[in-house]
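Tertiary structure, described
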Amino acid sequence: MTDPTSTATGTFTIRGWDEQPYAEAEGAPKLTHARVTTAYTGELDGQGTYALLMVYDQADATYTGYERFTGTLGGRSGSFVLRLEGGFSDGAARTTWTVVEGTGTGDLAGLRGEGGYVAAQGEPEVAYELRWRL
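Residues numbered from 1 in each chain as written. Predicted model: local features only at pLDDT ≥ 70, side-chain atom pairs only at ≥ 80, totals over all residues. Heavy atoms only, no water.

Some points on the side chain of T103
By the element assignment, T103 lies in the loop between β6 (92-99) and β7 (112-120). Other than its neighbours up to four places away in sequence, T103 contacts S79, F80 and V81. (Helix = DSSP H or I, 4+ residues; strand = E, 2+ residues; numbered from the N terminus. Contact = heavy atoms within 4.5 Å.)

A look at the pattern of salt bridges
One pass over the structure, following the stated rule, counts two salt bridges. Where R133 meets E114, a salt bridge forms, and the shortest distance between an N and an O atom there is 3.7 Å. With R133 in strand β8 (residues 126-133) and E114 in strand β7, this pair connects stretches of sequence that are 19 residues apart. For E114, a relative accessible area of 28% translates into the label partly exposed. (Salt bridge = Lys/Arg side-chain N within 4 Å of Asp/Glu carboxyl O. Buried < 20%, exposed > 50% of the residue type's maximum accessible area, 1.4 Å probe, protein only.)

Observations regarding the packing of aromatic side chains
Summed over all chains, the structure comprises eight aromatic pairs. Centre to centre, the rings of F12 and Y40 are 5.3 Å apart; their planes meet at 45°, and the pair counts as tilted. Taken together, the residues span a long stretch of sequence, with F12 in strand β1 (residues 6-23) and Y40 in strand β2 (residues 30-42) at a distance of 28 residues. Side by side, F12 and Y40 carry an identical accessibility label, which is buried. (Phe/Tyr/Trp six-rings, centres within 6.5 Å; stacked < 30°, edge-to-face > 60°.)

Examining the sheet that holds β2
Pairing within the closed barrel is antiparallel, and its eight strands lie in the order β1-β2-β3-β4-β5-β6-β7-β8. Strand-to-strand twist across the sheet, computed as the mean angle between neighbouring axes with direction ignored, equals 25°. (Pairing = 2+ DSSP bridges. Axes fitted to C-alpha atoms, helices over the stretch in contact; angles between N-to-C directions.)

Some points on unusual backbone geometry
Positive phi values are uncommon outside glycine, yet Q58 reaches one of about 65°. Using a relative accessible area of 74% as the deciding quantity, one classes Q58 as exposed. In the Ramachandran plot, D90 falls in the positive-phi region, its phi being about 50° despite a non-glycine side chain. When you line up the elements, D90 lands in the loop between β5 (76-89) and β6.

Shape is all these values report; function is a separate question.
This is the structure in structure tokens:
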């Protein structure tokens, strides 16, 4: 029997963003690395820390990374890791999340899930959705 899926919603704000290029070449896409900290409210309540690797092609970008969330999900305390995949185009970042299996701790041990968000450039709070099960 499988566990029912719950949906967590709320918002997050970016508290810190440190992005640095690590490979640039004339006429080639720029590669950067960003370290980001976030604060979550809603059914996810806590802090996130993540790193992104990005490829810029003109004004657009694609990225991948990992985020550790620490706090509560649906009233359960612990932490877990999200794999992030996405892209930035037309003034918005579109990101999909997948919970990395085996990374849940505390009351979140065994967590599985997926979701994501769309963040318009300059938006102070970003709405998220995480479909999850234990």
